[in-house]
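# Geometric and topological summary
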Amino acid sequence: MLTHSLIAVSAVLFCMSAVPSEVVNPKVYVIPLTGQLGTDIHPMALNQVIADVKEKKPDLVIFRLNSADIDTNDYLQNDDRSEVSMFDDDQARRMIKSLKEELREFKQVMWVQDCVGFSFIFAFGWPDMYMSRHGRLWGPTYAQIAARQQHPDQEVQRKFREAMNAITGGFLQAGGYDGFMAQCMLRPEKICSVDFVGRDGLRWRQDSKGTYILDENEKDLLRFSADTADEIGLADGLVDAEDDAGLADLMYIMGYREFTPDDAGIKIIDGYVEDWRAAFEKAKGYLTDAKTPDSTDPLKELNRQRGLYDKVLKIIQRYEAAQRRLGVTKPQLKARIGEIDEKRKQLQNSKKKGGNAPGGSGGGRGFGGGLSG
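A brief report on the enclosed structure follows. (Residues numbered from 1 in each chain as written. Predicted model: local features only at pLDDT ≥ 70, side-chain atom pairs only at ≥ 80, totals over all residues. Heavy atoms only, no water.)

Side-chain positions along a regular strand alternate between the two faces of the sheet. Bridging between strand S6 (residues 192-197) and strand S7 (residues 201-205) involves 5 bridges; their strand directions are antiparallel. Each residue of the ladder has a partner; that of Val194, found in S7, is Trp204. Joining the antiparallel neighbours S6 and S7 is a turn of 3 residues, in which Gly198 adopts a positive phi near 65°. (Pairing = 2+ DSSP bridges. Helix = DSSP H or I, 4+ residues; strand = E, 2+ residues; numbered from the N terminus.)

On to the pairing of strand S1 (residues 27-34), then. When you tally the buried positions in S1, you get 6 out of 8 residues, the bulk of the element. Note that S1 and strand S11 (residues 260-262) share 3 bridges and pair parallel. Across the sheet, residue Tyr29 finds its bridge partner in S11, namely Asp262. Considered for its hand, the β-α-β crossover made up of S1, helix H2 (residues 43-56) and strand S2 (residues 60-68) is right-handed. (Buried < 20%, exposed > 50% of the residue type's maximum accessible area, 1.4 Å probe, protein only. Right-handed = clockwise from strand over helix to strand, strands pointing away.)

Another point: the pattern of salt bridges. Oppositely charged side chains can pair when the atoms bearing their charge come close. Inspection of the entire model under this criterion finds 22 salt bridges. Across the salt bridge formed by Arg94 and Asp90, the nearest N and O atoms sit 3.3 Å from each other. Of this pair, Arg94 and Asp90 both sit in helix H3 (residues 89-102), 4 residues apart, roughly one helical turn. With a relative accessible area of 40%, Asp90 lands in the partly exposed category. Between Arg187 and Glu189 there is a salt bridge; the shortest N-O distance is 2.7 Å. Overall, Arg187 belongs to the buried group, its relative accessible area being 13%. Salt bridges linked by common partners bring Arg161, Glu162, Arg187 and Glu189 together as one network. (Salt bridge = Lys/Arg side-chain N within 4 Å of Asp/Glu carboxyl O.)

The next subject is the packing of helix H11 (residues 298-318) against helix H13 (residues 330-353). Contact pair H11 / H13: the axes reach a minimum separation of 10 Å and the direction vectors enclose 160°. Classified by the angle between their axes, H11 and H13 sit roughly antiparallel to one another. Where H11 crosses over H13, the handedness of that crossing is left-handed. Contact with H11, carried on its side by Pro298, Leu299, Leu302, Asn303, Gln305, Arg306, Tyr309, Asp310, Val312, Leu313, Ile316 and Gln317, involves Lys330, Leu333, Lys334, Arg336, Ile337, Ile340, Asp341, Lys343, Arg344, Leu347, Gln348 and Lys351 of H13 and no other residues of that element. The residue makeup of the contact of H11 with H13, split by class, is 11 nonpolar, 4 polar and 9 charged. (Axes fitted to C-alpha atoms, helices over the stretch in contact; angles between N-to-C directions. Parallel < 35°, antiparallel > 145°, perpendicular 65-115°, else oblique. Left-handed = near helix turned anticlockwise from the far one by under 90°. Contact = heavy atoms within 4.5 Å. Nonpolar A, V, L, I, M, F, W, Y, C, P; charged D, E, K, R; others polar.)

So, on to unusual backbone geometry. Residues other than glycine seldom take positive phi values, yet Lys57 does so here, at roughly 50°. For Lys57, the location among the structural elements is in the loop between H2 and S2. With a relative accessible area of 47%, Lys57 lands in the partly exposed category.

One open sheet holds the 3 strands; their spatial order is S7-S6-S8, and the pairing between them is antiparallel. In the strand order of this sheet, the two ends are held by S7 and strand S8 (212-215), each with one partner. This sheet shows a mean twist of 30° between the axes of neighbouring strands, independent of strand direction. As paired elements, S6 and S8 share 3 bridges and run antiparallel to each other. The residue bridging Val194 from the neighbouring strand is Tyr212, located in S8.

Note on placement: Thr39 falls in the loop between S1 and H2. Engagement of the side chain of Thr39 in a polar contact is seen with the side chain of Gln36, the distance being 2.6 Å. Ignoring anything within four residues of it in the chain, the contact list for Thr39 reads Met86, Tyr272, Trp276, Ala321 and Arg325. (Polar contact = N/O pair within 3.5 Å; in protein donor to acceptor, adjacent residues only side chain to side chain.)

This brings us to the packing of aromatic side chains. With the rule as written, the count across this model stands at 6 aromatic pairs. Ring centres of Trp276 and Phe280 lie 6.1 Å apart, and the angle between their planes is 55°; this geometry places the pair in the tilted category. Placement of both Trp276 and Phe280 in helix H10 (residues 264-290) is noted, with a separation of 4 residues, approximately one turn of the helix. Overall, Trp276 belongs to the buried group, its relative accessible area being 0%. In textbook terms, an aromatic cluster arises when at least three aromatic residues are bridged by ring pairs, as seen for Phe87, Phe118 and Phe171. When the ring centre of Trp138 is taken as origin, the NZ or CZ atom of Arg136, which lies over that ring, is 5.1 Å away. The ring of Phe280 has Arg325 lying over it, and the distance from NZ or CZ to the ring centre is 5.3 Å. (Phe/Tyr/Trp six-rings, centres within 6.5 Å; stacked < 30°, edge-to-face > 60°. Lys NZ or Arg CZ within 6 Å of the ring centre and 35° of its normal.)

With 85 residues, the main nonpolar core has Phe122, Phe124, Met181 and Phe224 as its most contacted residues. With 10 residues, H10 is the single largest residue contributor to this core. Ignoring sequence-local partners within four residues, the contact set of Met181 consists of Phe124, Leu172, Trp204, Leu222, Phe224 and Leu234. (Core = buried A, V, L, I, M, F, W, Y, C linked by side-chain atoms within 4.5 Å.)

Don't take any of this as a statement about function, it's just geometry.
Shown next, in the form of structure tokens:
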């Protein structure tokens with residue numbers, strides 16, 4: 001195992017070599033990757049940030065990752081399951097590719113404040129990675145992994161598992177890391193250790209005979225503490241403070257005593273998250289109201305329901321994040337609105353002919369989680 005002193009020396013050498021000597025007071029643009037993967041961390045906001053970075057032309061872009069599916073209390077079950085990562089590998093691939101390629105002219109650094117869940121693919125998306133001293137770098141939980149592999153056929157389960165290993169391993173390899181690490185973070189039966197190669201290299205082993213043993217228990221998932229990530233060289237350094245003070249600490253570790261921060265990216269992301277979550281709450285309320293009759297007049301009730309569903313449709317057309325949380329798709333809503341329109345037509349025709357109205361307004365039955373009655 002390498003000593004802390006050797007690690008500290010190598011980190012300093014790395015930082016010295018990474019600092020452009022001509023930049024004295026660099027402009028630093030922070031892009032927060034905060035909250036739920038798939039909703040808060042979403043292309044809709046990141047595309048705005050990319051455009052802003054290109055306009056501002058900073059000297060350094062820092063991605064600040066704080067996305068944890070479970071909190072730090074081991075004894076309290078107070079996690080909100082609705083906030084768990086919504087992992088879409090194609091969407092995640094597009095986001096990482098856009099950030100790396102669209103901003104390739106700028107030096108990029110990943111700062112992991114805390115990471116638990118499928119957002120770990122973002123942590124390993126960049127070769128220059130730092131961690132907060134008390135942060136975690138974990139993959140998804142046992143329950144999340146099992147949910148993605150759930151199927152009555154064991155052969156299908158195996159194929160799901162192999163596909164997930166290959167997909168996540170590909171993300172790590174694209175960031176310059178060993179793809180085998182992803183298997184260790186997703187499959188508890190895997191054991192692993194590493195040997196040190198040269199100054200910065202690691203050779204991963206599928207046994208416990210390496211210089212540094214990481215996981216020798218066939219029932220545990222590989223999870224990194226900040227100290228472990230630092231000791232084996234996955235992290236280039238540890239940040240002691242958080243947020244503004246942490247940014248200053250990170251810049252100091254990288255060799256910059258002075259810098260000029262730009263918080264425009266933080267404001268863009270925060271504004272997007274506030275907007276989509278407010279829209280989601282409205283849509284959720286509209287769906288609840290649509291399932292509760294408000295009038296004994298069938299035509300009036302159908303008109304009211306249609307108006308509510310139309311409002312929900314407009315929201316999910318604007319915010320994919322709201323659609324994913326609601327569990328309602330645009331085709332489902334359009335079909336429901338079509339049913340209501342047909343009933344309205346029947347009712348209006350019936351009234352013109354002086355006949356009886358069709359029975360009931362139909363409620364909000366059987367169209368996805370948000371439309372079920």
